[in-house]
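Below, each chain spelled out in residue letters.
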Amino acid sequence: MKYSEDKIIFNKIEELFAYRQLTELFKQSGLDANSAFVSGLYELQYQIYLFDAYLESVWDLDESKLQAYWTGIKDALKPFHLEDKKIHKLLKEIRSYARIESNCRKGKWPDEISYKQFYTTKSCDVRLMRHLLYKSYPELNYFCLEKSWIYYDLITEINDDIADIYEDLETYNANRFLISILRHGHLQTCESYAQFIAKVAFRATEYFKIYHSLGENAQVFEWTTNRTLETMELLQSTTDTLNHELCTSSWWLEKMK
């Protein structure tokens, strides 16, 4: 398994929640870090990570194990007092991303999916956590509108793929950036990513020209702008220092033959 110890997973959750500003939303909601609600979100993310670790570590997936992980995720949603129909709807995008990862076993690769669709789907876990927060604490809309996170989610997911390129070499993680490099080379991949990152920056600017006055969206725009600049710099530095020999150790290469 990719995560062999619970402590590693919980540290990863803390980093995720801080980076994706969920920790800030906890504060804005007046939630204590040890509150039952926050603990519930940690448990939900924990179950999602267990499922994700299995998908990334095992090529021949066992259907009974997949169902067991799904049961863990559904059970983690029970404390939020949602109807079964609502739970099924909320998990739709997590199922979609799991399908993307499992489809790699059929030769259907993430780089064949548009940037927006792939990275929007990939952010499904964070958006689920945030949605549960906004649903329970609608006053958060005075801080920033729930829909205003769209570009922040896109750019941070791209950042994760670039930052994790070496970490993901010995996994079956559907890292779109890594897989694109393996299939199309680093020059084409990095040029294409740079173009999309610039497009995200432009569209975010245009969006916040309209919605900056609703809630405190200016803060989300600032975070989005900062993450975009950081991601473009990370892309450039990764391109300049890419270890091609190390990339040949990727588990994916054997499966691409």
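Right, let's walk through the structure included here. (Residues numbered from 1 in each chain as written. Predicted model: local features only at pLDDT ≥ 70, side-chain atom pairs only at ≥ 80, totals over all residues. Heavy atoms only, no water.)

**Overview of the overall build of the protein**
The number of helices and strands found in the protein is 14 helices and zero strands. For the protein, the N- to C-terminal ordering of α and β elements is α-α-α-α-α-α-α-α-α-α-α-α-α-α. Taken over C-alpha atoms, the radius of gyration comes to 18 Å for the protein, in line with the 18 Å a tight globule of 257 residues would show. Looking at the protein as a whole, 50% of its 257 residues are labelled buried. Counted over contacts in the protein with a minimum sequence separation of 6, partners at least 24 positions apart contribute 79%. Only carbon and sulfur atoms are counted for the fraction: they give 51% of the accessible area of the protein, which is about 12900 Å². Measuring between centres, the 31 positive side-chain charges of the protein sit 8 Å from its 39 negative side-chain charges. (Helix = DSSP H or I, 4+ residues; strand = E, 2+ residues; numbered from the N terminus. Rg over C-alpha atoms; globule rule 2.2 N^0.38 Å. Buried < 20%, exposed > 50% of the residue type's maximum accessible area, 1.4 Å probe, protein only. Contact = heavy atoms within 4.5 Å. Areas by Shrake-Rupley, 256 points an atom, 1.4 Å probe, with all protein chains shown as cover. Lys, Arg positive; Asp, Glu negative; His and termini not counted. Charge placed at Lys NZ, Arg CZ, Asp CG, Glu CD.)

**Looking at the pattern of salt bridges**
In this structure the tally under the stated criterion is 11 salt bridges. Glu206 is the salt-bridge partner of Lys209, the closest N and O atoms lying 3.1 Å from each other. Separated by three residues within a single helix, Lys209 and Glu206 lie in helix α11 (residues 186–211), roughly one turn from each other. We classify Glu206 as partly exposed; its relative accessible area is 33%. A salt bridge links Glu230 to Arg227; its shortest N-O distance comes to 2.8 Å. Residue Glu230 and its partner Arg227 are located together in helix α12 (residues 217–241), separated by three residues, close to a single helical turn. (Salt bridge = Lys/Arg side-chain N within 4 Å of Asp/Glu carboxyl O.)

**Remarks on the packing of helix α6 (residues 92–103) against helix α8 (residues 124–136)**
For the pair α6 and α8, the least separation of the axes is 9 Å and the interaxial angle reads 170°. By the angle between their directions, the pair α6 and α8 is classed as roughly antiparallel. In this structure, α6 contributes Glu93, Ile94 and Tyr97 to the contact, and α8 contributes Cys124, Arg127 and Leu128. Across the contact of α6 with α8, the residue classes tally to four nonpolar, no polar and two charged. (Axes fitted to C-alpha atoms, helices over the stretch in contact; angles between N-to-C directions. Parallel < 35°, antiparallel > 145°, perpendicular 65-115°, else oblique. Nonpolar A, V, L, I, M, F, W, Y, C, P; charged D, E, K, R; others polar.)

**Concerning the side chain of Arg130**
Within the element layout of this structure, Arg130 appears in helix α8. Looking at Arg130, the relative accessible area reads 2%, which means it is buried. Excluding its chain neighbours within four sequence positions, the residues that come into contact with Arg130 are Arg20, Leu22, Leu25, Glu146, Trp149 and Asp153.

**Side note on the nonpolar core**
Of all hydrophobic cores here, the largest spans 83 residues; its most connected members are Phe17, Leu25, Leu41, Leu44, Leu132, Leu133 and Trp252. In terms of residue count, helix α3 (residues 36–57) provides more of this core than any other element does, 12 residues in total. Residue contacts for Leu132: discarding those within four places in its chain leaves Phe37, Leu41, Leu44, Leu77, Phe80, Leu82 and Leu90. (Core = buried A, V, L, I, M, F, W, Y, C linked by side-chain atoms within 4.5 Å.)

**Section: helix α7 (residues 115–122)**
All of the buried residues in α7 are Tyr115, Phe118, Tyr119, Thr121 and Lys122. One side of α7 carries all its buried residues, which in axial view fall inside an arc of 160°. The inward-facing, buried residues of α7 abut α6, α8, α9 (150–163), α10 (176–184) and α11. (Arc of directions from axis to C-beta.)

**Considerations on the packing of aromatic side chains**
If you walk through the whole model with that rule in mind, you get 25 aromatic pairs. With centroids separated by 6.2 Å and ring planes inclined at 55°, the aromatic side chains of Phe143 and Trp223 adopt a geometry described as tilted. Of the two residues, Phe143 is situated in the loop between α8 and α9 and Trp223 in helix α12; the sequence distance between them amounts to 80 residues. Each member of the pair, Phe143 as well as Trp223, carries the same accessibility label: buried. (Phe/Tyr/Trp six-rings, centres within 6.5 Å; stacked < 30°, edge-to-face > 60°.)

**A look at α9**
Under the 1.5 Å per step criterion, the end-to-end length of α9 is 20 Å for 14 residues, consistent within 8% with the ideal 20 Å. Taken across its 14 residues, α9 has 12 buried, putting it largely inside the fold. Contacts made by the buried residues of α9 are with α1 (6–19), α7, α8, α10, α11 and α12. (Expected span 1.5 Å × (residues − 1).)

**Observations concerning the environment of Arg183**
Following the sequence through the fold, Arg183 ends up in helix α10. Note: C-alpha distance between Arg183 and Leu253 (70 residues apart in sequence) is 8.9 Å.

**Some points on the packing of α1 against α3**
Between α1 and α3, the shortest axis-to-axis distance is 10 Å and the interhelical angle comes to 115°. Crossing angle aside, the handedness with which α1 passes α3 is right-handed. Within the contact between the two elements, α1 uses Asp6, Ile9, Phe10, Lys12, Ile13, Glu14, Leu16 and Phe17 and α3 uses Leu41, Tyr42, Gln45, Tyr46, Tyr49 and Leu50. Along the lines of polarity and charge, the residues of the contact of α1 with α3 split into 10 nonpolar, one polar and three charged. (Left-handed = near helix turned anticlockwise from the far one by under 90°.)

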